Amino acid sequence: MDRLIIKGGSKLKGTVEISGAKNAALPIMAASILAGGEHELDCVPHLRDVMTMGRLIANLGAGFHLEGNKAVLDCSAISNHEAPYELVSTMRASVLVLGPLVARLGKAKVSLPGGCAIGARPINLHLMGLEKMGASITLESGYVLARAKRLKGASIYFDIPTVTGTENIMMAATLAEGKTLIENAAREPEIVDLADALTEMGANIKGAGEGVIEIEGVRSLRPLRHRIIPDRIEAGTFMTIAGITGGDITLKNCRTDHLDAVINKLQDAGMIFSAVNGGVRVRGPERLAAVNTKTMPYPGFPTDMQAQFMAMMCIAHGTSVISEKIFENRFMHVAELRRMGADITIEGGTATIRGIRKLKAAPLMATDLRASASLIVAALAATGETTIKRIYHLDRGYERIEEKLGKIGAHVRREKE
Ligand code: EPU
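Residues numbered from 1 in each chain as written. Predicted model: local features only at pLDDT ≥ 70, side-chain atom pairs only at ≥ 80, totals over all residues. Heavy atoms only, no water.

Participant: I'd like a rundown of the overall build of the protein, residues and numbers included.
Facilitator: The helix and strand tally for the protein stands at 13 helices and 24 strands. The C-alpha radius of gyration of the protein comes to 21 Å, within 12% of the 22 Å expected for a compact globule of 417 residues. Taking the principal axes of its C-alpha atoms as reference, the protein extends roughly 65 × 40 × 40 Å. The long-range share in the protein, meaning contacts at least 24 apart out of those at least 6 apart in sequence, stands at 74%. Surface summary for the protein: the accessible area is close to 16,100 Å², and the carbon and sulfur share equals 48%. (Helix = DSSP H or I, 4+ residues; strand = E, 2+ residues; numbered from the N terminus. Rg over C-alpha atoms; globule rule 2.2 N^0.38 Å. Contact = heavy atoms within 4.5 Å. Areas by Shrake-Rupley, 256 points an atom, 1.4 Å probe, with all protein chains shown as cover.)

Participant: So what about empty space enclosed by the protein? Which residues, and what values?
Facilitator: By rolling a water-sized probe across the atoms, one finds the places where empty space is left. On inspection of all chains with the given rule, the structure shows one cavity of 30 Å³ or more. A volume near 30 Å³ is recorded for the largest cavity. As for the largest cavity, its lining consists of Thr-303, Gln-306, Ala-307, Arg-330, His-333, Asp-368, Arg-370 and Ala-371. Each residue belonging to the lining of the largest cavity can be placed in one class, and the counts come to two nonpolar, three polar and three charged. (1 Å grid on protein atoms, 1.4 Å probe; cavity = no way out; pocket = protein on both sides within 12 Å on 5 of 7 lines; lining within 4 Å. Points joined across faces, edges and corners; volume = space filled by probe spheres on them. Nonpolar A, V, L, I, M, F, W, Y, C, P; charged D, E, K, R; others polar.)

Participant: Describe the packing of aromatic side chains, and please don't skip the residues or the numbers.
Facilitator: By the definition in use, this model includes one aromatic pair. Here the basic side chain of Lys-109 rests over the ring of Tyr-143, its NZ or CZ set 4.9 Å away from the ring centre. (Phe/Tyr/Trp six-rings, centres within 6.5 Å; stacked < 30°, edge-to-face > 60°. Lys NZ or Arg CZ within 6 Å of the ring centre and 35° of its normal.)

Participant: I'd like to hear about the sheet that holds strand E17 (residues 279-283), residue by residue, with values.
Facilitator: If you trace the four strands from one edge of the open sheet to the other, you get E2-E15-E17-E16, paired in mixed fashion. The open sheet has two edge strands with one neighbour each: strand E2 (13-17) and strand E16 (272-276). Within the sheet, the average angular offset between the axes of one strand and its neighbour, ignoring direction, is 20°. Taken together, the five bridges between strand E15 (residues 248-252) and E17 define a ladder with antiparallel strand orientation. The residue bridging Ile-249 from the neighbouring strand is Val-282, located in E17. Sheet contacts for helix H8 (residues 232-245): E2, E15, E16 and E17; angle to E15, the most-contacted strand, approximately 170°. (Pairing = 2+ DSSP bridges. Axes fitted to C-alpha atoms, helices over the stretch in contact; angles between N-to-C directions.)

Participant: Describe in detail the site of the ligand, supporting the description with residues and values.
Facilitator: In the vicinity of the ligand, 21 residues are found, and the nearest of them are Asn-124, Thr-162, Thr-164, Asp-304 and Ile-326. Within the side chain of Asn-23, one N or O atom sits 3.0 Å away from an oxygen atom of the ligand. Take Asp-304: an N or O atom from its side chain is 2.6 Å from an oxygen atom of the ligand. Protein coverage of the free-state accessible area of the ligand, which is 840 Å², stands at 88%. (Near = heavy atom within 4 Å. Polar contact = N/O pair within 3.5 Å; in protein donor to acceptor, adjacent residues only side chain to side chain.)

Participant: I'd love a proper account of the pattern of salt bridges, names of residues and values included.
Facilitator: Counting across every chain of the model gives 21 salt bridges. Of the charged contacts in the structure, one is a salt bridge between Arg-413 and Glu-385, with a shortest N-O distance of 3.8 Å. Taken together, the residues Arg-413 in strand E24 (residues 411-416) and Glu-385 in strand E23 (residues 385-389) connect sequence positions 28 residues apart. Residue classification places Glu-385 among the partly exposed residues on the basis of a relative accessible area of 44%. Arg-413 is paired through a salt bridge with Glu-415; the nearest N and O atoms lie 3.3 Å apart. Because the salt bridges share partners, they merge into one network encompassing Asp-2, Asp-395, Glu-402, Arg-414 and Lys-416. (Salt bridge = Lys/Arg side-chain N within 4 Å of Asp/Glu carboxyl O. Buried < 20%, exposed > 50% of the residue type's maximum accessible area, 1.4 Å probe, protein only.)

Participant: Tell me what's going on with the layout of surface pockets, and back it up with residues and numbers.
Facilitator: Looking at the second largest pocket, its volume works out to about 320 Å³. Put simply, the parts of the chain that give the lining of the second largest pocket at least two residues each are H8 and helix H12 (369-381). Of all the elements, H8 adds the most residues to the lining of the second largest pocket, at three residues. Looking at the lining of the second largest pocket residue by residue, the classes come out as six nonpolar, five polar and five charged.

Structure representation (structure tokens):
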């Protein structure tokens, strides 16, 4: 297992190229299952989760390779319909193969993901949607078994706008007979990117990015050529790094229109944003101001940015209140930030952060992907040398992080534990 050693205290300056979005790449890779032939995806980030999805699809009988940032998937010979426990247990997003498999093969056997560090994360809404489309669903020895000769269009309402649930049903509906309506659909940019990819394959989709998505099923789809959108959470993370270090960072390949809520809050905290050729320049103030925020489904403030924003608020002037409304256990970073001297109290889903002048280095433990990112954000501004253990969480979602940080002047090195 690797650990990161970070010497904090420098104002970080320079340019960072944002990678393709993990959470767009994963569903679009799963979408390739829907059609035979060779699919080509550009701007696919080299990440552990992407490799896991590649292995999962290869295990179904497809060819997969990732060269540079181009992924090629040959899905002509998909024959196996099982996503085994060994793979699903390492990545919950594996559940994204469920919809495409039932649609293409008429059956799927997918290990039920267990709980995870940030919450229980059930998939009842994915299953309800498929059932409404005529699939028979049974649970057997920890696996979901779904069967349907051909799925039928249906009207599906989600109690909660689930991201991967919307993606699963959208993919399944492309090959169903008739029209599917998804109401209270998730509206994240990754949903729109998936809909664009499916449309390039010949699917008929209206309303992606809005609350109601309409999909008219077609008989078959063709192979895909698609470029993945930039990762808004990676970009947002580098914005908080500029904020906490009082730095001056230019982000290239960044869609600021996907980050309105985050940029708004960062501006309230005193940060300055300006458009520059092919990117955005982000500057941190001498001292950040305390700002309250609440996580919400898109276009609200993303839960995937909550931990990094909290790290910033630890040294802001004043007291801020952050409410987590998406996941019930997404404050795992708080105990670690406290070890650096942060003054944070939690009551239910709300954290109150009283800003202090300086965080101090400490040995830390990463608990999940975004919590790891928040510890890096904090360590970059702390006095002394911070060690972060269990950094494998970070490798699931941030491509070449030490290299990118090194280029803007951070002192970061990776060591084997
Ligand atoms: N939920 C249910 N039933 C369901 C599905 C979801 O109750 O059938 C609940 C969840 O427990 C949660 C809420 O609905 O309380 C929203 O969860 P959602 O389904 O939207 O999350 P997800 O699709 O599992 C994706 C991202 C997460 C991100 C969330 C929220 C991918 C692969 N994952 O997860 O990303 O936090 O949406 O935006 O797209 C990450 O990248 O670090 C990450 C965790």
